[in-house]
Amino acid sequence: MELVFRNDAYARACDAVVTSAEPAGIGLDRTVFYPTGGGQPGDTGRLVDDTGVAFAVLPAVKGETDAVLHPLSEGVAPPRIGARVRAEIDWERRYRHMRMHTCLHLLSAVVGGGVTGGAVGEWKSRLDFDLPDPVLDKEVLETALNTLIDADHAVTARWIDESELDTNPELVRTMSVQPPRGAGRVRVLEIGQAVDLQPCGGTHVARTGEIGRVRIGKIEKKGRRNRRINVHLEEAGA
């Protein structure tokens, strides 16, 4: 399966052929739908066949290996195998996920320390950090985060050999989830020059300025060494 989003996160639609129709979801030969994973929700949208019939797609999920499945509502008859369809994502939702996901990478660069968990949302996201008893000042964090956003750093993805990751284990910031191994290479996301560099398979904006202004929400103590930092897109007004 060709993962269009892997090379072009801004692709909103693509033409595809149905390769399977299982209860878990529709398989295509290529897709723009990002599947749930890495803390980022799967894309929603629709498949439109060549007769104009549209099939609403629930959040996409991972199938075997690198495959993506496109779940339909229960009871909906799927398009036939071999049918040509137009795969279209809910772009506004995806773009907010892209902005927030990149924002969390900047937050990890500002805070430092190992990341123990996280979740990307449309308007509110969070990261959990392995920190003992730090003094985390919301205003200082918010200023530092928005300064990086306003600097409009370039955001790029590239592949490195697994051996390079073995040589530089500090690139892996997530403590609970390790990047997939076995393919010989790992995808990393790089922000600016030395702002942030770490493995990531998610979708991101091309420049930090696209994120827009954000604010730090609650900073919560979730354990002896676990601190949760919530971040909001300011335009949401919540």
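This write-up is about the structure you can find in this document. Small disclaimer: the values here were computed from a predicted structure and weren't measured. (Residues numbered from 1 in each chain as written. Predicted model: local features only at pLDDT ≥ 70, side-chain atom pairs only at ≥ 80, totals over all residues. Heavy atoms only, no water.)

### Focus: the overall build of the chain
Then, in step 1: The helix and strand tally for the chain stands at four helices and 16 strands.
Then, in step 2: Counting only C-alpha atoms, the chain reaches 60 × 45 × 35 Å along its principal axes.
Then, in step 3: Among the 238 residues that make up the chain, the fraction classed as buried is 46%.
Then, in step 4: Contacts spanning at least 24 positions in sequence make up 64% of the contacts within the chain whose residues lie at least 6 apart.
Then, in step 5: Carbon together with sulfur atoms contributes 49% to the accessible area of the chain, which is approximately 11,700 Å² in total.
Then, in step 6: Measuring between centres, the 30 positive side-chain charges of the chain sit 4 Å from its 34 negative side-chain charges. (Helix = DSSP H or I, 4+ residues; strand = E, 2+ residues; numbered from the N terminus. Buried < 20%, exposed > 50% of the residue type's maximum accessible area, 1.4 Å probe, protein only. Contact = heavy atoms within 4.5 Å. Areas by Shrake-Rupley, 256 points an atom, 1.4 Å probe, with all protein chains shown as cover. Lys, Arg positive; Asp, Glu negative; His and termini not counted. Charge placed at Lys NZ, Arg CZ, Asp CG, Glu CD.)

### Observations regarding the side chain of Arg94
Then, in step 1: Along the chain, the position of Arg94 falls in helix 2 (residues 91-111).
Then, in step 2: We classify Arg94 as buried; its relative accessible area is 0%.
Then, in step 3: Side chain to side chain, Arg94 and Asp43 meet in a polar contact 2.7 Å long.
Then, in step 4: Excluding anything up to four places from it in sequence, Arg94 contacts Phe5, Ala9, Val32, Tyr34, Asp43, Ile89 and Thr203. (Polar contact = N/O pair within 3.5 Å; in protein donor to acceptor, adjacent residues only side chain to side chain.)

### Details of the environment of Tyr10
Then, in step 1: Its place among the elements puts Tyr10 in the loop between helix 1 (4-7) and strand 2 (13-22).
Then, in step 2: In this structure the C-alpha to C-alpha distance between Tyr10 and Val205, which are 195 residues apart in sequence, comes to 8.2 Å.
Then, in step 3: Those residues in contact with Tyr10, other than ones at most four positions away along the chain, are Trp91, Tyr95, Met98, His204, Val205, Ala206 and Glu210.
Then, in step 4: Within the structure, Tyr10 has its side chain in polar contact with the backbone nitrogen of Ala206 (distance 2.7 Å).

### Here's the deal with the pattern of salt bridges
Between side chains of opposite charge, a pair can form as their charged atoms come close.
Then, in step 1: All told, the structure shown has 13 salt bridges when counted by the stated rule.
Then, in step 2: With a closest N to O distance of 2.7 Å, Arg46 and Glu88 form a salt bridge. Pair noted here: Arg46 is in strand 5 (residues 45-49) and Glu88 is in strand 9 (residues 84-89), with a separation of 42 residues, a long-range link.
Then, in step 3: Taking the relative accessible area as the measure of exposure, Arg46 reaches 40% and is therefore partly exposed.
Then, in step 4: The shortest N-O distance in the salt bridge between Arg96 and Glu122 comes to 2.7 Å. Highlighted residues: Arg96 in helix 2 and Glu122 in the loop between strand 10 (115-119) and strand 11 (124-130), separated in sequence by 26 residues.
Then, in step 5: Judged by relative accessible area, which is 17%, Arg96 ranks as buried.
Then, in step 6: Classification of Glu122 as partly exposed rests on a relative accessible area of 25%.
Then, in step 7: One continuous salt-bridge network, built from bridges that share partners, spans Arg126, Asp128 and Arg228. (Salt bridge = Lys/Arg side-chain N within 4 Å of Asp/Glu carboxyl O.)

### Let's talk about the sheet that holds strand 5
Then, in step 1: One open sheet holds the seven strands; their spatial order is 6-5-9-2-3-8-7, and the pairing between them is antiparallel. The sheet terminates laterally at strand 6 (54-57) and strand 7 (61-62), the two strands that pair on one side only. (Pairing = 2+ DSSP bridges.)

### Some points on the layout of surface pockets
Then, in step 1: The computed volume of the second largest pocket comes to approximately 170 Å³.
Then, in step 2: Together, 16 residues line the second largest pocket, and Arg6, Ala9, Ala157, Arg187 and His204 are the ones closest to its centre.
Then, in step 3: Its residues assigned to classes, the lining of the second largest pocket shows eight nonpolar, five polar and three charged. (1 Å grid on protein atoms, 1.4 Å probe; cavity = no way out; pocket = protein on both sides within 12 Å on 5 of 7 lines; lining within 4 Å. Points joined across faces, edges and corners; volume = space filled by probe spheres on them. Nonpolar A, V, L, I, M, F, W, Y, C, P; charged D, E, K, R; others polar.)

### Digging into the packing of aromatic side chains
Then, in step 1: Going through the model one piece at a time under the given rule, you end up with four aromatic pairs.
Then, in step 2: Ring geometry for Tyr10 versus Tyr95: centroids 6.4 Å apart, planes at 50°, classification tilted. Of this pair, Tyr10 sits in the loop between helix 1 and strand 2 while Tyr95 sits in helix 2, and the two are 85 residues apart along the sequence.
Then, in step 3: Following the ring pairs from residue to residue traces out a cluster consisting of Tyr10, Trp91 and Tyr95.
Then, in step 4: Over the face of the ring belonging to Trp159 we find Arg185, whose NZ or CZ atom lies 3.9 Å from the ring centre. (Phe/Tyr/Trp six-rings, centres within 6.5 Å; stacked < 30°, edge-to-face > 60°. Lys NZ or Arg CZ within 6 Å of the ring centre and 35° of its normal.)

These figures capture arrangement, not role.
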